[in-house]
Each structure stands twice: as C-alpha cells, then as structure tokens.
Amino acid sequence: MKLYTFFRSSASFRLRIALNLKGLDHESVFVSLPKMENFDSEFTNLNPQQLLPTLVDGDDVLIQSMAIIEYLDETYPEIPLMPDTPSKRAYVRAVSHGIACDISPLNNVGPLRYLENEMGIDADKRQAWYEHWVKKGFIALEALLVQRGLSGKYCFGDQVTLADICLVPQVFNAQRFNCPLEDYPTLMGIFSNLMELKPFIDAQPDNQPDKV
Ligand SMILES: N[C@@H](CCC(=O)N[C@@H](CS)C(=O)NCC(=O)O)C(=O)O
C-alpha cells in the first residue's frame, strides 16, 4: 500500500490512525501542501481533486479519507472501526460527519487560502472564522455525546471507532490555531484517552518523517 500524505494534513492524519489501528503496512509518499505539490501533474493524475490523502492498494486508487477508511474497514475487517448495529453505526457516523463534513471543510488549507488571497480577509478575521466553526461544531458534539450517553473512554463506549479517528486530528488543529477548548470536557477527556494509544501517538504530525 502507498499512502500520499503530508504531516500536517488532518485528513491524512485520520488515515494514518486507521492504518496504524489495523496494523496495515504501507509506504508513505510525502506531498508538501505549502509547496503545492498536490497540484503537480503526477499527483493530479492519481487524484483529480488534488487533495490529500490518497491511498493506492494494489490496483485501487482511493481518495477521500472517510471513503478510504470505510474501504479499509470492509477490506481488512479484523479490527473493526465501526460498531456492530446500524443504529450504533449511524451514531458513530453522525459524530464523524459532524467533524469531517461540518467543521473540517470550512477550516481547511484550501478555503483558508481562498479567504485570505481572494477575499482579502485579514489575519484577525481569518482567526475569527476558524474559531467560529470549531466552536459551533464542538458545542454540538459535546452536547450530542452527553445527551446520547453512548460515549465512554472513547466516543462510542470503549471501542475505538471512526468518530475517534475524526476527533483527534480536529483537536490537534484547534490547538494549533489556539482555539479555547475548556468548554468541551467530554470531548477533551476522550481526546486525552485516545492520545495514550500508540496508533494515535505514532500518527500525530510531530512524529512524521516529513515534518518541517
Ligand atoms: N474531504 C477530504 C478533504 C481532503 C482535504 O481537504 N485535504 C487537504 C489537507 S487536510 C488538502 O489536501 N488540501 C490541499 C488544498 O486545498 O490545496 C478528505 O476527507 O479526504
């Protein structure tokens, strides 16, 4: 397997965690986002969306972190990343999408670059934008976890799932952008528990060989 990744990419971070949790060996190909290597023709031929991550597994070229993780879970089911009933899976997907669909796309490098370069947003407004979407998303997720009562050590009881894989990179990003996080004790408690696990520790940006 070949993983196209960048140390600071949160969507790549999700996939690194999933690969580690499943113990799947892979070779990493480093694509620098600041150097805009994702727009090179070689990478574009692989992934027309020009986004990280991308995974090559045999003849399959897989794009979109959430789709790739579900592919891995179906193809290598030994250590499942989803619960065993449709309603529990719907809950885990709801938490996951609350991050991957409702926070992350608004605060990703592409949209932030567009806000700054094309819309003329200054650094303070960019920061306010970033914090706003983290706050709105995290308030809702904290409430969801408390209200549903399905969380435990992790987002879903004591099973590490896709929801946890989404949560950790999002918290890392929020910390990098100095977002206040004290109002989310459940989320942050789960984050601390997850960061005791080797697959999460090994996947974090600081532990990647391409870190600059
Ligand atoms: N929905 C996509 C998001 C991928 C994404 O936005 N990746 C970012 C890095 S985290 C990227 O490659 N951005 C490059 C750019 O916008 O130029 C996924 O989950 O894979």
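Residues numbered from 1 in each chain as written. Predicted model: local features only at pLDDT ≥ 70, side-chain atom pairs only at ≥ 80, totals over all residues.

Draft legend 1. Structural context of the pairing of strand β4 (residues 60-63). Sheet analysis places strand β3 (residues 54-57) next to β4, joined by four bridges and oriented antiparallel. By the bridge assignment, T54 is partnered in β4 with I63. Here β3 folds back onto β4, and the loop between the two strands holds two residues, one of which, G58, carries a positive phi near 65°. (Pairing = 2+ DSSP bridges. Helix = DSSP H or I, 4+ residues; strand = E, 2+ residues; numbered from the N terminus.)

Draft legend 2. Broad picture of the domain arrangement of the protein chain. Along its sequence, the protein chain is organised into domain 1 (2-79) and domain 2 (86-199). Computed over C-alpha atoms only, the centres of domain 1 and domain 2 are separated by 20 Å. In this assembly, 10 residues from domain 1 lie in contact with 13 residues from domain 2. Going through the elements one at a time, α1 (10-22) and α3 (65-75) are the ones with two or more residues in the side of domain 1 that touches domain 2. Counting residues per element, the side of domain 1 that touches domain 2 draws most heavily on α1, which supplies seven residues. Grouping the constituent residues of the side of domain 1 that touches domain 2 by class yields seven nonpolar, two polar and one charged. (Domains from an automatic or database assignment. Contact = placed C-beta atoms within 7 Å. Nonpolar A, V, L, I, M, F, W, Y, C, P; charged D, E, K, R; others polar.)

Draft legend 3. Up close: the site of the ligand. Taken together, 14 residues are adjacent to the ligand, and S9, L51, L52, S65 and G110 come closest. Secondary structure elements with two or more residues in the shell around the ligand: α1, α3 and α5 (109-117). Across the shell around the ligand, the residue classes tally to seven nonpolar, seven polar and no charged. (Near = placed C-beta within 6 Å.)

Draft legend 4. Region of the structure containing the pairing of strand β2 (residues 27-30). Alignment of strand β1 (residues 2-5) against β2, held across four bridges, turns out to be parallel. Paired with Y4 across the strands is V29, a residue of β2. With respect to chirality, the unit in which β1 leads through α1 into the neighbouring parallel β2 is right-handed. (Right-handed = clockwise from strand over helix to strand, strands pointing away.)

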